[in-house]
Amino acid sequence: MADDHVEESKTTVESVMDKTTEKFQRHDSSSSSDSDNEKSSPSSLKSKISRMFGREKPVHQVLGGGKPADVFLWRNKKVSGGVLAVATVIWVLFELIEYHLLTLVCHSLIVSLAILFLWSNASFFINKSPPHIPEVKLQEDALLQFASALRNEINRALAILREIALGRELKKLLAVIAGLWVLSVVGSWCNFLTLFYISFVLLHTVPVLYEKYDDRVDSFAEKVVAELEKQYAVFHAKVLSKVPRGPPKNKKA
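Trainee: Explain the overall build of the protein chain to me, using residue names and the numbers behind them.
Mentor: Within the protein chain, the secondary structure is distributed over 9 helices and 0 strands. From first element to last, N terminus to C terminus, the protein chain shows the α and β order α-α-α-α-α-α-α-α-α. Looking at the protein chain residue by residue over its 253 residues, the buried ones come to 10%. Considering only contacts within the protein chain whose residues lie at least 6 apart along the sequence, 55% involve residues at least 24 apart. Of the roughly 21500 Å² of accessible surface on the protein chain, a fraction of 66% belongs to carbon and sulfur atoms.

Set out below in structure tokens:
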């Protein structure tokens, strides 16, 4: 009987020890999972931020990648600065000095051809090598890619305009009207060349700043979009819902 009592006590002690070890293991696993969740919380919060225009790719890929995106995002500061400087010089010549395009092209060709012609002929008398003039050719692939991209954008714009004209996209109609109204106001302030130069400068400043502060901009844009959707819902309930509409068309199977 004593032996049975000792064995029972041993089994109870072992069961208690097993339960305590299981509790400690559960506590450790829960604490480790909590720590993992805490470590992954910044990334999860960052992924919860909705990107502007439904963007899921990096800004470099959104801009098309390649050399144009490198120029807009200032990957090579000398090239980007040179392009912006050339655009500024052209704007100053045409807008401030009021130079004409045809006159500028003709004068530039006259000066360039005269200098190169004199240099090539004078090199034989002064025993120096003539200027190296590379052979410039337009690549067919580059032109076809540009034409294809332009065609796709034009087709997409025409499709959007068609949907609006058929009365299917009220939000897009309001957005297009607002955009055209803003363009008309800006066009009354400046001419087409100045507007093109402002757009060119914005392309060289806005993308690089957005790439640097995209989290802040996206979170702010998300709040703005939510507020606009709220105001649109109020406008739809008070005004648009009261506008009479025709009977819905039966869709063909």
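Moving on from the model shown.
Trainee: Could you give me a rundown of the confidence of the model for the protein chain, with the residues and numbers involved?
Mentor: Per-residue confidence for the protein chain gives a mean pLDDT of 76; residues scoring 70 or more make up 74%. The secondary structure element of the protein chain with the lowest average pLDDT is helix 1 (residues 2–48), at 49, and the one with the highest is helix 4 (residues 77–96), at 90. In this model residues 1–6 is a low-confidence stretch, pLDDT under 50, and it forms 0 contacts with partners more than four residues away in sequence or in other chains. Taken as a whole, residues 27–46 scores under 50 in pLDDT and shows 2 contacts with residues more than four places along the chain or in a different chain.

Trainee: Residues and numbers for the packing of aromatic side chains, please.
Mentor: Scanning all chains against the criterion turns up 1 aromatic pair. Between Trp91 and Tyr197 the ring centres are 5.0 Å apart and the planes differ by 10°, which places this aromatic pair in the stacked class. With Trp91 in helix 4 and Tyr197 in helix 8 (residues 192–212), the pair connects residues that are 106 residues apart, well separated along the chain. The class of Tyr197 is buried, set by a relative accessible area of 17%.

Trainee: How would you sum up the pattern of salt bridges? Please name residues and give values.
Mentor: Pairs can form between side chains of opposite charge whenever their charged atoms are close. One pass over the full model with this rule turns up 4 salt bridges. The partner of Glu135 in a salt bridge is Lys137, and the shortest N-O contact between them spans 3.4 Å. With a relative accessible area of 66%, Glu135 lands in the exposed category. Residue Glu227 is joined to Lys230 by a salt bridge in which the shortest nitrogen-to-oxygen separation is 4.0 Å. On the criterion of helical spacing, the pair formed by Glu227 and Lys230 is a turn pair, its members being 3 residues apart in helix 9 (residues 214–238).

Trainee: Report on the side chain of Ser123, specifying residues and quantitative values.
Mentor: Locating Ser123 in the fold gives a position in the loop between helix 5 (101–122) and helix 6 (140–165). At a separation of 2.7 Å, a polar atom in the side chain of Ser123 contacts the main-chain carbonyl oxygen of Ser120. When residues no more than four places from it in sequence are discounted, the contact partners of Ser123 are Lys128, Ser129 and Pro130.

Trainee: Provide a residue-level description of helix 4, including the pertinent values.
Mentor: In this model, helix 4 (20 residues) spans 27 Å end to end at C-alpha, consistent with the 28 Å of a helix rising 1.5 Å per residue. Listed as buried for helix 4 are Ser80, Leu84, Ala87 and Phe94. With its buried residues spanning 100° around the axis, helix 4 presents them on a single face. Exposed residues on helix 4 whose side chains face more than 90 degrees from its buried face are Lys77, Lys78 and Leu96.

Trainee: Any chance you could break down the packing of helix 8 against helix 9 for me, citing the residues and the numbers?
Mentor: Across the interface, helix 8 lies against helix 9 with an axial gap of 5 Å and an inter-helix angle of 95°. Considering the angle they form, helix 8 stands roughly perpendicular to helix 9. When helix 8 is examined against helix 9, the residues Tyr210, Glu211 and Lys212 are found in contact with a partner set consisting of Asp214, Val217 and Asp218. A breakdown of the residues in the contact of helix 8 with helix 9 according to their chemical character gives 2 nonpolar, no polar and 4 charged.

Conventions we followed
- Throughout this description, residue numbers start from 1 for each chain and increase along the sequence as written.
- Reporting in this predicted model follows two pLDDT cut-offs: at least 70 for local features of residues, and 80 or more for side-chain atom pairs to be given and counted; totals over whole chains, interfaces and linings ignore these cut-offs and use all residues.
- Only hydrogens and water are removed before side-chain values are computed, so all heavy atoms of the structure are retained for them.
- Each helix is a run of H or I in the DSSP string that is no shorter than four residues. Each strand is a run of E no shorter than two, and both are numbered from the N terminus.
- Each residue is assigned to one of three classes by its accessible area relative to the maximum for its type, calculated with a 1.4 Å probe on protein chains only: buried under 20%, partly exposed between the two thresholds, exposed over 50%.
- Only heavy atoms matter for contacts: two residues are in contact if any of them lie within 4.5 Å across the pair.
- Using a 1.4 Å probe, the Shrake-Rupley method yields the accessible areas, and only the shown protein chains count as cover for residues.
- The quantity called pLDDT is the predictor's confidence in a given residue, expressed from 0 to 100.
- Paired rings are identified among Phe, Tyr and Trp, the last through its six-membered ring, by centres lying within 6.5 Å, and are further divided according to the angle between planes into stacked (under 30 degrees), edge-to-face (over 60) and tilted (the rest).
- Each salt bridge in this description consists of a side-chain nitrogen of Lys or Arg and a carboxyl oxygen of Asp or Glu lying within 4 Å of one another.
- Two N or O atoms form a polar contact when they lie within 3.5 Å of each other; inside protein one atom must be a possible hydrogen donor and the other a possible acceptor, and for residues adjacent in sequence the pair counts only when both atoms belong to side chains.
- Given the number of residues in a helix, its expected span is that number minus one, multiplied by 1.5 Å.
- What the arc covers is the set of directions going from the helix axis to the C-beta atoms.
- Helix axes are fitted only over the stretch in contact, all axes being lines through C-alpha atoms; the angle between N-to-C directions runs from 0 to 180 degrees.
- Should an angle fall under 35 degrees it is taken as roughly parallel, and over 145 as roughly antiparallel, whereas 65 to 115 is taken as roughly perpendicular and any remaining angle as oblique.
- By the convention adopted, Pro, Cys, Tyr, Trp, Phe, Met, Ile, Leu, Val and Ala count as nonpolar, Lys, Arg, Asp and Glu as charged, and the other residues, Gly among them, as polar.

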